[in-house]
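Topology and contacts: notes
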Amino acid sequence: MTTGAADAAGPLAGLRVLDLATLFAGPLAATLLGDFGAEVVKVEHPHRPDPSRGHGPAKDGVGLWWKLLGRNKRTMTLDLSTPGGRDTLLRLAATADVVVENFRPGTLEKWDLGWPELSAANPRLVLARVTAFGQQGPYARRPGFGTLAEAMSGFAAITGEPDGPPTLPPFGLADSIAALTCAYAVMTALAGRDRTGRGQVVDLAIIEPILTVLGPHPLWYDQLGYVQPRTGNRSANNAPRNTYRSADGRWLAVSASAQSIAERVLRLVGRPELTAEPWFATGSGRAAHAEVLDGAVGGWIARHKADEVVAAFEEAEAAVALVYDVRDVMADPQFAALDTVTEVEDPELGPLRMQNVLFRLSGTPGGIRWAGRPHGADTESVLTELGLTGAEITALRTEGAL
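Residues numbered from 1 in each chain as written. Predicted model: local features only at pLDDT ≥ 70, side-chain atom pairs only at ≥ 80, totals over all residues. Heavy atoms only, no water.

- Looking at an unreviewed UniProt entry, the protein chain carries the name CoA transferase, with the source organism given as Streptomyces katrae.
- Comment text from UniProt for the protein chain, heading Sequence similarities (unreviewed entry), reads "Belongs to the CoA-transferase III family." (UniProt positions renumbered as here; feature names shortened; annotations may be inferred.)

1. Some remarks on the packing of helix α16 (residues 379–386) against helix α17 (residues 390–399)
- Two elements in contact, α16 and α17, have axes whose closest approach is 10 Å; the angle formed by their N-to-C orientations is 130 degrees. It follows that α16 is oblique to α17 by the angle criterion. Crossing hand, α16 versus α17: right-handed. From α16, Thr379, Glu380, Leu383 and Thr384 reach across to α17, where they touch Ile393, Leu396 and Arg397. (Axes fitted to C-alpha atoms, helices over the stretch in contact; angles between N-to-C directions. Helix = DSSP H or I, 4+ residues; strand = E, 2+ residues; numbered from the N terminus. Parallel < 35°, antiparallel > 145°, perpendicular 65-115°, else oblique. Left-handed = near helix turned anticlockwise from the far one by under 90°. Contact = heavy atoms within 4.5 Å.)

2. Considerations on helix α13 (residues 306–315)
- Turning to α13, its buried residues are Ala306, Val309, Ala312 and Phe313. All buried residues of α13 project into a common sector of 130 degrees when viewed along the axis, lining one side. The exposed residues of α13 that point more than 90 degrees off its buried face are Asp307, Glu314 and Glu315.
- Where α13 is buried, its residues touch β10 (251–255), α10 (259–268), α12 (290–302) and β11 (320–322).
- Just beyond α13, the residue with positive phi is Glu317, at close to 55 degrees. (Buried < 20%, exposed > 50% of the residue type's maximum accessible area, 1.4 Å probe, protein only. Arc of directions from axis to C-beta.)

3. Let's talk about the sheet that holds β10
- As summarised here, the arrangement of the three strands in space is β9-β10-β11, forming an open sheet in which the pairing is antiparallel. The sheet is open, and its two borders are formed by β9 (241–245) and β11, each paired with just one other strand. For this sheet the average axis-to-axis angle between neighbouring strands, irrespective of direction, equals 25 degrees.
- The sheet contact formed by β10 and β11 spans three bridges and is antiparallel. Opposite Leu252, over in β11, you have Leu322 as the bridge partner.
- Strand contacts of α13: β10 and β11, with the helix running at about 155 degrees to β11, the strand carrying the most contacts. (Pairing = 2+ DSSP bridges.)

The following block contains the structure:
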């Protein structure tokens, strides 16, 4: 089913966002705002649309990733490097609350569209600048993507097996974390505007949010000189914590971060005597004896079918989950109860199933009003609403600005 709030005004209704960004953090931040009612206008180059339209599998020539990333966005074309494109962008900015961009530092300034020009056009504007390395520093003008953030943050260094290479995620992890951060930063800046009456610049470097998500690594190094090694699926802080294979070939994840859960797991698998060991009383002690605990837990799981394992862990009030692929996600009753993957009608492809909005609000819920629209589909309507005449729009097309 489609989201219940698909046709209702969300809590961000009345907020106008110009999405000038591409691949992936900036556009996803704008999507998150649009999911809760903001009017998002996606501004793309007339001849070089957002590359996400061509990323990954397509159906009937239509990129599926864009259907997700472009949802709840009106789409228009504008070449910002042309005089007409620059002037039109400033007119759009005068009507907007937020501009999201991810050009390399100095690019907007080259087009005379930097913060001085944008804030002069609209003193209440919030400009969210999402780049790999931020607006200052020795790397600021380098090209960069989320992959570099996954490497530079320390994430790759601690991911993978101890005797294997550093491992990068097979999806846009750093970009997605940056997008969540950017949406939060925009709302924080807007809250500040409510107090001061003026907008401001959000300077978000993709290398930073993922470092925060990694936890106290800098603090550990600063105070103890400790550098966390790769530990595979194990944790350096507690055990048992791993993936284990059942008798029928399914993989299951077990986590025993809490002392009480660890004790329940060991009683369940028939090794209660281990809970009396002095080292069992702390997470670090259990982690130091992960081989023993993995042997106990893994050996028991290997003798039982997956559904038996899940049932026994639930009965023991211990934490376990099957390792899903997307087929399992689509069939899972908990995800179904939450409507986590919802159905959206699309005029190009028909019914689509995609991730729903990130969270549920009881009074002013968000919703998916439409999936990603074709390149430039709303150019005429956006410019007409801005007050441009037919002759002005034709002139922009002649100039190559549209």
